[in-house]
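Inside the fold
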Protein chains: 2
Amino acid sequence: MKSMASTSEKILDIAQSLIVAGGYNGFSYADISAAIGIRKASIHHHFPTKAELVSALVDRYRQQAEAGLNYLRARVASPAEQLQSYLNYWDTCIRDASQPFCVCAMLAGEMQMLPDEVASRVRAHFHSLAAWLTSVLSAGAEQGLFWLNKRPEEEAHMLMASVHGAMLSARAFGDPALFTTIATTQIAKLTR
Amino acid sequence: MKSMASTSEKILDIAQSLIVAGGYNGFSYADISAAIGIRKASIHHHFPTKAELVSALVDRYRQQAEAGLNYLRARVASPAEQLQSYLNYWDTCIRDASQPFCVCAMLAGEMQMLPDEVASRVRAHFHSLAAWLTSVLSAGAEQGLFWLNKRPEEEAHMLMASVHGAMLSARAFGDPALFTTIATTQIAKLTR
DNA sequence: TGTTATCTACCTACCAGTAGGAAGGTTGGG
DNA sequence: CCCAACCTTCCTACTGGTAGGTAGATAACA
């Protein structure tokens, strides 16, 4: 029994896919309304304002991401495999077009005009992702799995930039394979 | 005597800065109207539709970029310095906030909902930037200035992703220094 | 009986785009 | 040289449609 999602979760699902496609200004309550067969006013019942809707959406996304990443760090043997799993996750998302972009990366591009409550949440996700990557890289370096040229924090920022930039390139060129190439090369450079 | 720009160029200037801030759906003719003190209808006289306006804007941007990059390739001594100049350009733009993002990178994120005429132009810019980086990297490799682990095209794509991702990170974290760090580290890895 | 979820109906503000005209300069013919 | 046709630019005024958001009734459910 899948698809037993509550209405508010269905709203967030649709909104997230719409944001991934077109950003904060790229969707409307009417779009969500049409997509899940509910009136606009009913969406306002669940999320009174657009800023609240997107804030809730980013909160949920961030919580899912943190849970997933912490699961990897706790349950997957080596830092190398943890990193590989993270990159594989996005590679799959991009290849099957299920979620071809990180919703926070999308929103980060629009930072300057986001409501403050949304912008601060997006920033928080970037911080927690950077922290996770830093911890994985430094653990891997201690175990002799990664060779870092710079401090782990800096390498984490480089890696994060590569991943988000690779998403952008895959989209710009219309070629998911571009993400794969960049991701695997990134791993190769760390494990050389 | 600066500021002798024609009205249509003023329109494109404002539109570009608005797109850099908020994307394709993040600005309106009314915004431009307010910014340069002209009526909305007058903007429609110069650019009948929004798609035409943004197409013209991307054409102009692409032409300027290509001219600048080809100038570097022709007039700057070494490929290492050419690459450095390219990165310095963006570093300056981001630090002084004059143009803290590539307009085509911004639009690339919204590819899926851009008018076709705009999307194809954005894609074209990505292709020409990739080609320039490829030629610079392979020239540098031939001269023994760069050490490439992969084919020049792949290294160019990696570099491009890093640059765009670094722009995004600088914006997300609200810290221009992040771009600087990533850019200089990127250079260091190539010249090691 | 509340409470929650949804509905119809509506509001105001804004969107991209159009119609038609006024001002000013440019061009060409007598 | 003058006048008239023309062109470009900008204007006021408007259109149909959509944006986010609200009020209040109804239905389902606890």
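Residues numbered from 1 in each chain as written. Chains lettered and ligands numbered in written order. Predicted model: local features only at pLDDT ≥ 70, side-chain atom pairs only at ≥ 80, totals over all residues. Heavy atoms only, no water.

Residues and elements named next belong to chain B. Relative to the helices and strands, Ile 32 resides in helix H2 (residues 29-36). Classification of Ile 32 as buried rests on a relative accessible area of 0%. Sequence spacing of Ile 32 and Cys 93 is 61 residues, and the spatial spacing of their C-alpha atoms is 22 Å. (Helix = DSSP H or I, 4+ residues; strand = E, 2+ residues; numbered from the N terminus. Buried < 20%, exposed > 50% of the residue type's maximum accessible area, 1.4 Å probe, protein only.)

Two elements in contact, helix H8 (residues 152-173) of chain A and helix H7 (residues 116-142) of chain B, have axes separated by 9 Å at closest approach and are oriented at 120 degrees. Comparing the axis directions of H8 of chain A and H7 of chain B gives the class oblique. Seen along the crossing, H8 of chain A lies across H7 of chain B with a hand that is left-handed. From H8 of chain A, Leu 168, Ser 169, Ala 172 and Phe 173 of chain A reach across to H7 of chain B, where they touch Arg 123, Phe 126, His 127 and Ala 130 of chain B. Here the contact of H8 of chain A with H7 of chain B is built from residues that sort into 5 nonpolar, 2 polar and 1 charged. (Axes fitted to C-alpha atoms, helices over the stretch in contact; angles between N-to-C directions. Parallel < 35°, antiparallel > 145°, perpendicular 65-115°, else oblique. Left-handed = near helix turned anticlockwise from the far one by under 90°. Contact = heavy atoms within 4.5 Å. Nonpolar A, V, L, I, M, F, W, Y, C, P; charged D, E, K, R; others polar.)

Structural alignment of chain B on chain A gives an RMSD of 0.0 Å, achieved by rotating through 180 degrees and translating 0.0 Å along the axis. With respect to symmetry, the two chain copies, as superposed, fit the operation of a two-fold axis. Residue by residue, 100% of the interface of chain B is reproduced at the interface of chain A, so both copies engage with the same surface. (Least-squares fit on C-alpha atoms with pLDDT ≥ 70 in both.)

Turning next to the protein's contact with DNA strand C. Lining the immediate environment of DNA strand C, one finds 17 residues, of which Arg 39, Ser 42, His 45 and His 46 of chain A together with Lys 50 of chain B sit closest. Ser 28 of chain B has a polar side-chain atom sitting 2.9 Å from a phosphate oxygen of DNA strand C. For DNA strand C, a phosphate oxygen lies 2.7 Å from a polar atom in the backbone of Lys 50 of chain B. Sort the elements by how many residues they give to the surface near DNA strand C and helix H3 (residues 40-46) of chain A lands first, with 4 residues. Each residue belonging to the surface near DNA strand C can be placed in one class, and the counts come to 7 nonpolar, 7 polar and 3 charged. (Near = heavy atom within 4 Å. Polar contact = N/O pair within 3.5 Å; in protein donor to acceptor, adjacent residues only side chain to side chain.)

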